[in-house]
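Spelled out from the first residue to the last, the chains are:
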Amino acid sequence: MSSDETPTVGDIAASRHQMGLWSCMSYVIANIIGAGIFITPGPILQYTFSNGLALVVWIGCGLISLIGGICYIELGTSIHDPGCDFAYNVYVGWEGIAFSFMWVGVIMSFPASAAVQAQTFGQYIVAGLDPVWHLESPWDQIFERGLGFALIIILTVLNLYAIDKYASKFQIVVTVAKLLSLAIIICAGFYYLIFKGWTQNLEHPFAGSNTSPGQISLAFYGALWSFAGWDILNYGTPEIYRPRRTMPIALIGGITIVTAVYVAMNIAYMTVLTPGQIMNSTAVAADFAQVTLGSFSYAIPFMIALLLIGTLNSNIFCGSRFTHAAAREGHLPTFLSCINEDSNSPRAALLFQLICTIAVTFVDTNSLINYVAFVMFGQRVFTMTALMWIRYRKIPVHPDAIQVPIVFSVLFWIITIALVVVPFIEETTHTIVGVGLVLMGLLLYIVFMKPKRLPDCLIRFNDGMTRITCKLLFTTPDLKHHSEETTLKSDDESILNQDERTALPTTSLASDETTLRL
């Protein structure tokens, strides 16, 4: 939202419920650190052939993520709209492009990611209980799926309330627990490195390194997936207290902490396990724990499950804000924009994402994620182009905007283009399907968004669903261009009658700004 725009219902509500520095940093850390650090080290070594080059790849990916974070600090402080990449493309008028990527994210990417995280949580809990409570097939799969469903429902309910009441505080606790769990592995590895002198695997770190540019680029591509999610704050910028101060510290600090943790964990792995053991391992953390932690190794599945709780909570935050942002711009039905004014929770979007997540658990989610992997990096190419377009055309932005040196924008733009090209070479079929999904989104935009007026049946459906949503969830529509929206209402009926809507407070927006926020 630029400084001359009229605040929406959501903007007013968001000003009363905002996250402080520690909450924002916990979301960044928790959203990045997932199960990837327990899985990815093996494939990275398969591409690099040496511990030294593998560490260079991990550090390089941390620097790439940091450059991206710096660019997104400028975007977040310049455009105070929720929705991350979608909002930034809409801001410069590229609504067709924004819609094309948005529909894939709302219907497929976020639900598939959440479904995988929930299912993986259930699998690790069952694996951890296996020594004391063995479940035969198919009861093990039923129990795994039930645990996943229970977790995602509990976290969704948690997010139905104000972000600063439960969800952000819960995220801080989970993130601290997550870092303490990882510290066990790091401390164990460094104990063997420093006090027991296990240096044999690190004495010639670059011996036998792979010099193939293609293989090294694939190593970077794989490691960057373990850093994915650093842009989480841009999905809910209006919910950040003093973004000009909070976003830079939280983003740069969070990415730096994650990079340090990842490098330390890899050094720990490399101290105890040989490169061959890491390459051939499907659960490197479990193999590491069996050597160093003895009977405590049985706790590893529960540690990974703990990591997934924080990651899933962050995913729910992103997916719901992304859906809500699209609906408030009129790109999705009005009922999905409905928020609870007291808590600023996008309740309709949260429940919609919950339904989509449960639905995709009954399909091959791993293949679905492979198909839409192109979307994440492809969307960022257009986002970085939009940022440079804002600079070039001198498009007005928020007065609190932080302008970073243009070299960062150009460099990250080039990196994102490279990350789009790599899967075309390595995963051609999956990438072509991803491109097809984006093109399908462009067709849907032409069919549903270009006409000045939708068919009466869709208008009545939208109006009826909005009324039901408002009454059942105690919410209010949060349309950014409500007065201009002609496609969502007929000549003789509005989305909601005035007496059916709760009066909106328009004063004392920052009456409690001096209150200490987490």
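All figures in this text were calculated on a predicted structure; none of them were measured in a lab.

Colleague: Would you mind showing me how to read the overall build of the protein chain here?
Modeller: Each helix and strand in the protein chain was counted, giving 19 helices and 0 strands. Taking 518 residues into account, the globule formula puts the C-alpha radius of gyration at 24 Å, and the protein chain, at 23 Å, falls close to it. Across its three principal directions, the C-alpha atoms of the protein chain cover 80 × 55 × 50 Å. Taken over 518 residues, the protein chain has a buried fraction of 56%. For the protein chain, restricting intrachain contacts to residue pairs at least 6 apart in sequence, the fraction spanning at least 24 positions comes to 84%.

Colleague: What should I look at first to understand the environment of Phe352 in this one?
Modeller: Tracing the sequence through the fold places Phe352 in helix α15 (residues 347–360). Along the sequence, Phe352 and Ile154 sit 198 residues apart, while their C-alpha atoms lie 15 Å from each other.

Colleague: What should I look at first to understand the nonpolar core in this one?
Modeller: Across soluble globular proteins, you tend to see nonpolar side chains buried next to one another. Counting 133 residues, the largest nonpolar core has Phe38, Tyr72, Met102, Ile185, Leu233, Met265 and Tyr269 as the members making the most contacts within it. Look past the residues within four positions of Phe38 in its chain and what remains in contact with it is Leu182, Ile185, Met265, Tyr269, Ala283, Val284, Ala285, Ile304 and Leu307.

Colleague: Whenever I open this one, the pattern of salt bridges confuses me. Can you help?
Modeller: Any two side chains of opposite charge can pair, on the condition that their charged atoms come close. Here the structure, examined in full by the defined rule, presents 9 salt bridges. Across the salt bridge formed by Glu329 and Lys480, the nearest N and O atoms sit 3.3 Å from each other. Here Lys480 lies in the segment after α19 (456–473) and Glu329 lies in the loop between α14 (300–328) and α15, a separation of 151 residues in the sequence. In this pair, the class of Glu329 matches that of Lys480, namely buried. Taken together, the shared-partner salt bridges in this structure form one network comprising Asp81, Arg328, Glu329, Asp478 and Lys480.

Colleague: Is there a simple way to explain a nonpolar patch on the surface in this structure?
Modeller: A cluster of nonpolar residues, Ile417, Val421, Phe424, Ile425 and Ile432, forms a patch on the protein surface that exposes about 450 Å² of accessible area. Residue contributions to the nonpolar patch peak at 4 residues, all from helix α17 (residues 406–426). You can see Ile417 is positioned in helix α17.

Colleague: Is there a simple way to think about helix α5 (residues 51–78) in this case?
Modeller: One turn of an α-helix holds 3.6 residues; hence residues three or four places apart share an orientation. Compared with the 40 Å implied by 1.5 Å per residue over 28 residues, the 41 Å span of α5 between its first and last C-alpha is a close match. Buried residues dominate α5, accounting for 24 of its 28 residues. You can read the cap of α5 off the contacts: a side-chain oxygen lies 3.3 Å from the backbone nitrogen of Leu53, and it is on Ser50.

Colleague: Is there a simple way to think about the packing of aromatic side chains in this case?
Modeller: Each aromatic ring pair is characterised by the separation of its centres together with the angle its planes make. Here the structure, examined in full by the defined rule, presents 24 aromatic pairs. Directly above the ring of Phe362 sits Arg145, whose terminal nitrogen or CZ lies 4.9 Å from the centroid. Over the ring of Tyr72 we find Arg380, and its NZ or CZ is 6.0 Å from the ring centre.

Colleague: So what exactly am I meant to see when it comes to the packing of helix α2 (residues 21–32) against α14 here?
Modeller: Any two packed helices are characterised by how steeply their axes cross, that is the angle between the axes, and by the distance between the axes. Direction vectors running N to C along α2 and α14 enclose 110°, while the axes themselves pass 8 Å from each other. Between α2 and α14, the interaxial angle falls into the category roughly perpendicular. The element α2 and its partner α14 pack so that their crossing is left-handed. Each of Tyr27, Ala30 and Asn31 in α2 lies in contact with α14, whose residues at this interface are Gly310, Thr311, Asn313, Ser314, Asn315, Phe317 and Cys318.

Colleague: Help me understand the packing of helix α4 (residues 41–48) against α5 in this model?
Modeller: Where α4 meets α5, the closest approach of the two axes is 9 Å, and the angle between their N-to-C directions is 115°. Seen along the crossing, α4 lies across α5 with a hand that is right-handed. Only Asn51, Leu53, Ala54, Val57 and Trp58 of α5 make contact with α4, whose side of the interface consists of Pro41, Ile44, Leu45 and Thr48. Considering only residue class, the contact of α4 with α5 consists of 7 nonpolar, 2 polar and no charged.

Colleague: Hey, could you run me through the state of the cysteines in this one?
Modeller: Note on terminology: disulfide describes a covalent bond linking the sulfur atoms of two cysteines. The full count for this structure, using the stated rule, is 0 disulfides. Of all cysteine sulfurs in the structure, the one in Cys318 sits closest to Cys356, which takes part in no disulfide; the separation is 16 Å.

Colleague: Even after reading the chapter, I still don't get unusual backbone geometry, so can you show me in this structure?
Modeller: The phi angle of most residues is negative, glycine excepted, and most peptide bonds adopt the trans form. Of the consecutive residues Ser137 and Pro138, the connecting peptide bond is found in the cis state with omega at 5°. Secondary-structure assignment places Pro138 in the loop between α7 (95–129) and α8 (139–159). If you check the backbone angles, Phe49 has positive phi at about 70° while not being a glycine. You can see Phe49 is positioned in the loop between α4 and α5.

Colleague: Looking at this model, I keep getting lost on the environment of Tyr298. Mind explaining?
Modeller: Examined against the element boundaries, Tyr298 turns out to sit in the loop between α13 (284–292) and α14. Tyr298 sits in the exposed class, given a relative accessible area of 53%. Along the backbone, Tyr298 and Ala127 are 171 residues apart, and their C-alpha atoms lie at a distance of 9.2 Å.

Colleague: How do you make sense of the side chain of His80 when you look at a structure like this?
Modeller: In this fold, His80 is placed in the loop between α5 and α6 (85–91). Polar contacts involving the side chain of His80 include one to the main-chain carbonyl oxygen of Thr77, which spans 3.1 Å.

Colleague: Which parts of the structure should I look at to understand α13?
Modeller: Those residues of α13 that sit buried are Val284, Ala285, Phe288, Ala289 and Thr292. Along α13, the residues classed as buried sweep out an arc of 130° about the axis, all on the same side.

What counts as what
Residues numbered from 1 in each chain as written. Predicted model: local features only at pLDDT ≥ 70, side-chain atom pairs only at ≥ 80, totals over all residues. Heavy atoms only, no water. Helix = DSSP H or I, 4+ residues; strand = E, 2+ residues; numbered from the N terminus. Rg over C-alpha atoms; globule rule 2.2 N^0.38 Å. Buried < 20%, exposed > 50% of the residue type's maximum accessible area, 1.4 Å probe, protein only. Contact = heavy atoms within 4.5 Å. Core = buried A, V, L, I, M, F, W, Y, C linked by side-chain atoms within 4.5 Å. Salt bridge = Lys/Arg side-chain N within 4 Å of Asp/Glu carboxyl O. Patch = residues over 30% accessible without salt bridge, like charges linked within 9 Å, V, L, I, M, F, W, Y side chains within 5 Å. Areas by Shrake-Rupley, 256 points an atom, 1.4 Å probe, with all protein chains shown as cover. Expected span 1.5 Å × (residues − 1). Polar contact = N/O pair within 3.5 Å; in protein donor to acceptor, adjacent residues only side chain to side chain. Phe/Tyr/Trp six-rings, centres within 6.5 Å; stacked < 30°, edge-to-face > 60°. Lys NZ or Arg CZ within 6 Å of the ring centre and 35° of its normal. Axes fitted to C-alpha atoms, helices over the stretch in contact; angles between N-to-C directions. Parallel < 35°, antiparallel > 145°, perpendicular 65-115°, else oblique. Left-handed = near helix turned anticlockwise from the far one by under 90°. Nonpolar A, V, L, I, M, F, W, Y, C, P; charged D, E, K, R; others polar. Disulfide = S-S within 2.5 Å. Arc of directions from axis to C-beta.

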